[in-house]
Amino acid sequence: MKKIYVGLIGFGTVGAGVVKLLRNNDHLLEERLGARLVLKKIVDLDITTPRDVSVEKDMLTQDVGEVLNDPEISIVIELMGGYEPAKSFILKAMHNKKHVVTANKALLATCGDEIFKTAEEEGVDIGFEASVGGAIPVIKTLKESLIADRIESIFGIMNGTSNYILTKMTDEGNNFTDVLKEAQDMGYAEADPTFDIDGIDTAHKLAITLSLSYGGRVKLDDVYMEGISGIDQKDIGFAGDLGYKIKLLAIAIRRGGAIEARIHPTMIPFDHLLASVNGNFNAFHITCDAADSIFLYGQGSGMIPSASAVMGDLVDISRNMLKGITRRVSSRFRREGAAEDIKLMSMEDIVTNYYFRFSAVDHPGVLSRISGILGKNDISLASVIQKGRKHTGAVPIVVTTHESQEKNVRKALKEIDRLDIVREKTILIRIEDDRLR
Ligand code: HSE
């Protein structure tokens, strides 16, 4: 039986998962592929700490050259993460005519153009299914299944750690810090958890998704990003009273010639499918002109689910090799060579619904001063709730709005927060309701 030799760079959580799957499912893979995938070398700086899977000692090395320069190895799996030296290793592998599989979303979101161009020039394949949505085949769906569609919008839960934290805060009333620790212990979180909770990891995934959906490069700095560290139990409670759940959503909407791209905590209706995506699960609600509405749901992170996506790429590339072809599907932007910047809308121009929690003194006339400023800025109120009564100190006044423009909202809140009756900075959470239906 033909053998295809593979080298692995990065023996962390997902790397160990890949080794496990290669070992445990070897007969099944052989049967389905008609060839044997042979893991020849594993590169990591740490080759002594025991992992979840045991490997022969001589398979481990700290010398990346043993993979990059081995002519027998034809596919390199990069799972070390980070920008450098991962980028140099990937480029070197490609220059040495090796195909690459990677889960490195941070690298692809920032240097994808150079990496994909190199893959084209060298005539090698690059698989990156595990970079977005863990085990969910969203990359393949966008690159292949929906190739005849125009993508109208994507609403996604793309970060398992944030979703796990928000789920636990909502269902169990737990505090943010304790739940973050749990997510880290379970292996969902990035090495630097601020990537998860500040929306950076989601932005990387949205940038990759946008490129595939709208055919171009995305300037990461132009994607609006807001994380979940400011989410308070009070807002989770009020959201519930209003019939909403709070999720960290990645949103992309086609608006004529531009794309609205934003990441922020969002209130969504209880009865929408995205509201039932809990724990570390991810999901993508994609609407398109032909296929209409697609919902993809699954494990967004973790050792074996992410390894499953890596294996899918590995087998795809191996199948190409066995047929003597490469680059059957362009690695980027739906066709070779197309790499213009995607025009993203300015955040100030977006129009959506808003939730505000004002912290104000409880006196007659307070609400009219606040609503006066909102009205002056063309912000129309949908509901007002005030709970509790305090003769001293502040009370929460919760307001939801009809569709309003972000620019006007920012201007109004600036003015309101300067009022002598307002005690704390106003909390703003965007609402997606009708657009999701
Ligand atoms: N830290 C990421 C998450 C891992 O929590 O979703 C998968 O990319």
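Everything discussed here concerns the structure shown above.
Residues numbered from 1 in each chain as written. Predicted model: local features only at pLDDT ≥ 70, side-chain atom pairs only at ≥ 80, totals over all residues. Heavy atoms only, no water.

A look at the overall build of the protein
Alright, step 1. Scanning the protein from terminus to terminus reveals 14 helices and 17 strands.
Alright, step 2. Against the compact-globule benchmark of 22 Å for 437 residues, the protein has a radius of gyration of 24 Å, which places it among compact chains.
Alright, step 3. By its C-alpha atoms, the protein is 80 × 45 × 35 Å across when sized along the principal axes.
Alright, step 4. Across the 437 residues in the protein, those meeting the buried criterion constitute 56%.
Alright, step 5. Expressed as a percentage of contacts within the protein between residues at least 6 apart in sequence, the contacts between residues at least 24 apart total 74%.
Alright, step 6. Summing over all exposed atoms, the protein offers an accessible surface of approximately 18,400 Å²; the carbon and sulfur share of this is 50%.
Alright, step 7. Between the averaged position of the 54 positive side-chain charges in the protein and that of its 62 negative side-chain charges there is a distance of 2 Å. (Helix = DSSP H or I, 4+ residues; strand = E, 2+ residues; numbered from the N terminus. Rg over C-alpha atoms; globule rule 2.2 N^0.38 Å. Buried < 20%, exposed > 50% of the residue type's maximum accessible area, 1.4 Å probe, protein only. Contact = heavy atoms within 4.5 Å. Areas by Shrake-Rupley, 256 points an atom, 1.4 Å probe, with all protein chains shown as cover. Lys, Arg positive; Asp, Glu negative; His and termini not counted. Charge placed at Lys NZ, Arg CZ, Asp CG, Glu CD.)

Quick word on the nonpolar core
Alright, step 1. Ranked by size, the top nonpolar core spans 79 residues in total, and within it Ile-115, Ile-126, Val-138, Leu-206, Leu-210 and Ile-286 carry the most contacts.
Alright, step 2. Once you skip the residues sitting within four places of it in the chain, Val-138 turns out to touch Glu-129, Val-132, Phe-284, Ile-286 and Leu-296.
Alright, step 3. Within the second largest apolar cluster, 33 residues are counted, among which are Leu-8, Phe-11, Leu-22 and Leu-37. (Core = buried A, V, L, I, M, F, W, Y, C linked by side-chain atoms within 4.5 Å.)

A short note on the site of the ligand
Alright, step 1. For the ligand, the full set of nearby residues is Lys-105, Asn-159, Gly-160, Thr-161, Tyr-188, Ala-189, Glu-190, Asp-196, Asp-201, Lys-205, Gly-300 and Ser-301.
Alright, step 2. Between an oxygen atom of the ligand and a side-chain N or O atom of Asn-159, the distance comes to 3.4 Å.
Alright, step 3. Contact between the ligand and Lys-205: an oxygen atom at 2.8 Å from a side-chain N or O atom of the residue.
Alright, step 4. With the chains in place, 93% of the 250 Å² that the ligand exposes on its own is no longer accessible.
Alright, step 5. Placement of the ligand is best described as lying within the largest pocket.
Alright, step 6. Of all the secondary structure elements, the ones that give two or more residues to the shell around the ligand are helix H7 (160–172) and helix H10 (200–214).
Alright, step 7. Across the shell around the ligand, the residue classes break down as two nonpolar, five polar and five charged. (Near = heavy atom within 4 Å. Polar contact = N/O pair within 3.5 Å; in protein donor to acceptor, adjacent residues only side chain to side chain. 1 Å grid on protein atoms, 1.4 Å probe; cavity = no way out; pocket = protein on both sides within 12 Å on 5 of 7 lines; lining within 4 Å. Sits in = over half its atoms within 2 Å of the grid points. Nonpolar A, V, L, I, M, F, W, Y, C, P; charged D, E, K, R; others polar.)

Some thoughts on the sheet that holds strand E6 (residues 126–127)
Alright, step 1. The strand order across the open sheet built from six strands is E3-E2-E1-E4-E5-E6, with neighbouring strands paired in parallel fashion. Whereas interior strands pair on both sides, the edge strands pair on one side only; in this sheet they are strand E3 (60–61) and E6.
Alright, step 2. By the bridge criterion, four bridges tie strand E4 (residues 73–78) to strand E5 (residues 99–102) in an arrangement that is parallel. Of the residues in E5, the one forming a bridge with Ile-77 is Val-101.
Alright, step 3. Strands in contact with helix H1 (residues 13–24) are strand E1 (3–9), strand E2 (36–43) and E4; relative to E2, the strand with the most contacts, it is inclined by about 150 degrees. (Pairing = 2+ DSSP bridges. Axes fitted to C-alpha atoms, helices over the stretch in contact; angles between N-to-C directions.)

Considerations on the pairing of strand E9 (residues 244–255)
Moving residue by residue along a regular strand, the side chains alternate between the two faces of the sheet.
Alright, step 1. By the criterion of burial, E9 is predominantly enclosed, with ten of the twelve residues buried.
Alright, step 2. In this sheet, strand E10 (residues 258–269) lies alongside E9 in antiparallel orientation, the contact comprising twelve bridges. Within E10, the residue paired with Tyr-244 across the bridge is Pro-269.
Alright, step 3. Where E9 hands over to E10, the hairpin turn is made up of two residues, of which Gly-256 adopts a positive phi near 60 degrees.

Here's the deal with empty space enclosed by the protein
Alright, step 1. Throughout the structure, instances matching the rule amount to one cavity of 30 Å³ or more.
Alright, step 2. Roughly 30 Å³ of internal volume is contained in the largest cavity.
Alright, step 3. Lining the largest cavity, in full, are Leu-166, Thr-167, Thr-170, Asp-171, Lys-245, Ile-246, Lys-247 and Asn-278.
Alright, step 4. Breaking the lining of the largest cavity down by element, the ones donating at least two residues are H7 and E9. (Points joined across faces, edges and corners; volume = space filled by probe spheres on them.)

Observations regarding the side chain of Lys-41
Alright, step 1. Tracing the backbone through its elements, the reader meets Lys-41 in strand E2.
Alright, step 2. Take Lys-41: its relative accessible area is 15%, and that puts it in the buried class.
Alright, step 3. Here Asp-58 takes part through its backbone oxygen, which lies 2.6 Å from a polar atom of the side chain of Lys-41.
Alright, step 4. Of the polar contacts made by the side chain of Lys-41, one reaches the side chain of Glu-66; its length is 3.4 Å.
Alright, step 5. Among residues more than four places away in sequence, those in contact with Lys-41 are Val-6, Gly-7, Leu-8, Asp-58, Met-59, Thr-61, Glu-66 and Val-67.

Regarding helix H2 (residues 26–33)
Alright, step 1. The set of residues buried in H2 consists of Leu-29, Glu-30 and Leu-33. Taken end-on, H2 shows its buried residues confined to a sector of 100 degrees, consistent with a single buried face. Exposed residues lying more than 90 degrees from the buried face of H2 are His-27, Glu-31 and Arg-32.
Alright, step 2. Buried residues belonging to H2 abut H1, E2 and helix H12 (303–323).
Alright, step 3. At the C-terminal side of H2, Gly-34 shows a positive phi close to 75 degrees. (Arc of directions from axis to C-beta.)

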